[in-house]
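Chain residues, written in single-letter form:
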Amino acid sequence: MVFSLAFALLVAAGVPVRAAEEPACSAPATLLRAGFRLPFLAASLKQRTPTTILVLNSAAKTPVGTPPAVTAGGKPADGKSADGKSADGMPRSFQTYIKAGLVARYPEGNVEVVTHSEPRLTAEAIVSLLPALIAQSKPALLIWQTGTYDAIRGVDVDDFGAGVDTGLSIARAANVDVVLISPQYSPRTDFAFDVSPYVSTLRWVARSNGVPLFDRYALMRYWDEESVFDFDALRASPSLFNNVHRCIGRLLVRMIADGVDVKTSGSL
């Protein structure tokens, strides 16, 4: 039982398990629509000045391959190559695919993606760090992954929603756009903790604040039900991590582009 729980948590955090090679990144179109504009990011891209995107991760465990926190200069201090692959050959996380996709779409936008990880912090705890993180990296867009640790801790969903709402207000006051990312879906962790109430709260808070929500939970559940990826596999392999993060990164770029370009669909 202990081993099963530990393995389930690793899967939820992004540790590799088996999947098909290079599957198509299929997804319902409704999950890829931004629904709301990203005006600060759009303005930064048009000005052709350095455009920083800050990815804030507060998951229960830092995913394998996730770049470390930003440095004082707002740059990643990870020693990765230009394509985002670690010198030791570790798989690439979705942040590198975000950068590659946005650079390809907006080649004159000078896009830089930096990551700050605060594992085992609730949304409310993250809020106290936001002003300093924003001042440090000066992002045009904040991509905030949240909800997993709140679910593990059993934080009251109203308190969770209030924390996210406060964080969005802080970003808005600093002229920073936000895309929220819901917790990951994993059939192996459902018995341990239920993230679905927190996902529902994120949907409501995102809509109430007029910010896009990348519903990773719904997306991964769709992949599981449609057998796009095998999240029940027992044999560990780096292919699932690579393929899932590749798809998440590319589909997230579609949503971001939808918000920047003010389209009605998320297609590139």
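Treat the numbers as computed from the prediction; the structure is a model and nothing was measured.

Cut-off values and rules
Residues numbered from 1 in each chain as written. Predicted model: local features only at pLDDT ≥ 70, side-chain atom pairs only at ≥ 80, totals over all residues. Heavy atoms only, no water. Buried < 20%, exposed > 50% of the residue type's maximum accessible area, 1.4 Å probe, protein only. Helix = DSSP H or I, 4+ residues; strand = E, 2+ residues; numbered from the N terminus. Arc of directions from axis to C-beta. Contact = heavy atoms within 4.5 Å. Salt bridge = Lys/Arg side-chain N within 4 Å of Asp/Glu carboxyl O. Axes fitted to C-alpha atoms, helices over the stretch in contact; angles between N-to-C directions. Parallel < 35°, antiparallel > 145°, perpendicular 65-115°, else oblique. Left-handed = near helix turned anticlockwise from the far one by under 90°. Nonpolar A, V, L, I, M, F, W, Y, C, P; charged D, E, K, R; others polar.

1. Looking at helix 2 (residues 39–47)
Right, on to step 1. Buried within helix 2 are the following residues: Leu41, Ala42, Ser44 and Leu45. Looking straight down helix 2, one finds that the buried residues subtend no more than 165 degrees of arc, so they occupy a single side. Exposed and facing more than 90 degrees away from the buried side of helix 2 are Lys46 and Gln47.
Right, on to step 2. Contact partners of the buried residues in helix 2: strand 1 (51–57), strand 2 (111–117), strand 3 (141–145), strand 4 (177–181) and helix 10 (238–261).
Right, on to step 3. Positioned one or two residues after helix 2, Arg48 has a phi angle of 60 degrees, which is positive.

2. Some words on the pattern of salt bridges
Side-chain pairing between opposite charges can occur once the charged atoms of the two side chains come close.
Right, on to step 1. Applying the stated criterion across every chain, the model contains four salt bridges.
Right, on to step 2. Between Arg203 and Asp215 there is a salt bridge whose closest N-O contact spans 2.7 Å. Within this pair, whereas Arg203 is found in helix 8 (residues 196–209), its partner Asp215 is found in the loop between strand 5 (213–214) and helix 9 (216–225), the two being separated by twelve residues in sequence.
Right, on to step 3. Notably, a salt bridge pairs Glu225 with Arg221, separated by 3.3 Å at the nearest N-O pair. Linking Glu225 with Arg221, this pair stays in helix 9, spanning four residues, or about one helical turn.

3. Structural notes on the packing of helix 3 (residues 94–105) against helix 10
Right, on to step 1. At a minimum axis distance of 8 Å, the contact between helix 3 and helix 10 shows a crossing angle of 40 degrees. Taken together, the axes of helix 3 and helix 10 lie oblique to each other. Like other packed secondary-structure pairs, helix 3 and helix 10 cross with a definite hand, here right-handed. Where helix 3 abuts helix 10, its residues Phe94, Tyr97, Ile98, Gly101, Leu102 and Arg105 lie against Asn242, His245, Arg246, Ile248, Gly249, Arg250, Leu252, Val253, Ile256, Ala257 and Asp261.
Right, on to step 2. Residue classes in the contact of helix 3 with helix 10 are distributed as nine nonpolar, four polar and four charged.

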